[in-house]
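Spelled out, the chains give:
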Amino acid sequence: HAADTTVSRSAAGIIAVEGVELNPGIPPNSKSAAYTAVLGDANECIYHPSSDNNARTFTIDSNANVAYPVGTTLTFVNDINTVTIAITSDTLVLAGAGSTGSRSLAANGIATAIKVASTRWFISGTGLT
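These lines cover the structure that appears in this document, whether it is placed above or below. (Residues numbered from 1 in each chain as written. Predicted model: local features only at pLDDT ≥ 70, side-chain atom pairs only at ≥ 80, totals over all residues. Heavy atoms only, no water.)

Comments concerning the pairing of strand 12 (residues 120-128)
The criterion, for reference: What makes two strands pair is DSSP finding at least two bridges between them. The way it works is that DSSP assigns letters per residue, a run of H or I at least four long becomes a helix, a run of E at least two long becomes a strand, and they are numbered from the N terminus.
The pairing of strand 10 (residues 91-94) with strand 12 spans four bridges and is parallel. When the bridges of strand 12 are listed, V93 appears paired with F122. Taken together, the eight bridges between strand 11 (residues 103-117) and strand 12 define a ladder with antiparallel strand orientation. From the neighbouring strand, I110 faces strand 12, where its bridge partner is T126. Between strand 11 and strand 12, which pair antiparallel and follow one another directly, the connecting turn spans two residues.

Quick word on the pattern of salt bridges
Heads up, the rule is: Salt bridge, as used here, is a side-chain nitrogen of Lys or Arg placed within 4 Å of a carboxyl oxygen of Asp or Glu. Partly exposed residues are those whose accessible area sits between 20% and 50% of the maximum for their type, while under 20% is buried and over 50% is exposed, using a 1.4 Å probe and protein chains only.
In total, this model carries one salt bridge according to the counting rule given. The closest approach of N and O atoms between D52 and R56, which form a salt bridge, is 2.7 Å. Across the pair, exposure class does not vary: D52 and R56 are buried alike.

A short note on the sheet that holds strand 1 (residues 7-11)
Here is the rule we go by: Here, axes are lines fitted to C-alpha atoms. For helices the fit covers the stretch in contact, and angles between N-to-C directions go from 0 to 180 degrees.
Sheet architecture is open: three strands sit in the order 1-2-3, paired in antiparallel fashion. Among the strands making up the open sheet, the edge pair consists of strand 1 and strand 3 (20-22). The mean angle between the axes of side-by-side strands here comes to 40 degrees, regardless of whether they run parallel or antiparallel. Both strand 1 and strand 2 (residues 14-17) contribute to a ladder of four bridges, which runs antiparallel. Bridging across to strand 2, V7 finds its partner in V17.

Concerning unusual backbone geometry
Its identity is not glycine, yet N81 carries a phi of approximately 65 degrees, on the positive side. With respect to the secondary-structure elements, N81 resides in the loop between strand 8 (73-78) and strand 9 (83-87). For N108, which is not glycine, the phi dihedral falls at a positive 65 degrees. Here N108 is to be found in strand 11.

As for the nonpolar core
We apply this condition: What is meant by a nonpolar core is a set of buried Ala, Val, Leu, Ile, Met, Phe, Trp, Tyr and Cys residues, joined one to another through side-chain atoms within 4.5 Å. Any two residues whose heavy atoms approach within 4.5 Å at even a single point are treated as in contact.
Counting 22 residues, the largest nonpolar core has I60, F76, I85, L92, W121 and I123 as the members making the most contacts within it. Elements supplying a minimum of two residues to this core: strand 7 (56-60), strand 8, strand 9, strand 10, strand 11 and strand 12. Non-local contacts of F76, meaning those with residues more than four positions away in its chain, are made with I46, F58, I60, I85, L105, G109, I110, A111 and A113.

Topic: the environment of N108
By relative accessible area, which is 63% here, N108 ends up exposed. Between the C-alpha atoms of N108 and F122, which are 14 residues apart in sequence, the distance is 20 Å.

Here's the deal with the side chain of R103
Threshold: Think of it this way: Lys and Arg go in the positive column, Asp and Glu in the negative one, and His and the chain ends go nowhere.
Along the chain, R103 falls in strand 11. Put simply, R103 is tucked away with no salt bridge, and the nearest opposite charge, on D90, sits 15 Å away. If we ignore the near neighbours within four places in the chain, the residues touching R103 are V83, T84, I85, L92, L94, I123, L128 and T129.

Now the structure itself:
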């Protein structure tokens, strides 16, 4: 129902619903430092570039701090070294294995996390352990 949903124009050609941009692709957001994802990263790609040959930690914040809508995806791409994908107080489940907690993404790896409930995410990908 449109009366209880916030729809806005966040930039030229970009519409947002409840603060989450609707993009036709998966725009990369290059990060060369430890990083905690924000609402603006929803349905986008957090990218660790080859120019930063350092291990990094990218964190999915708790639902209490960043209330991503259920169905939100976060994609992580790692060109070099290792990226730890961490989560604060919510649960991150490795698809298939069912184990929970932080994950390691190897060089040339790609992983996507999807929020399936208010405090529960599933993650899968190549180079992910």
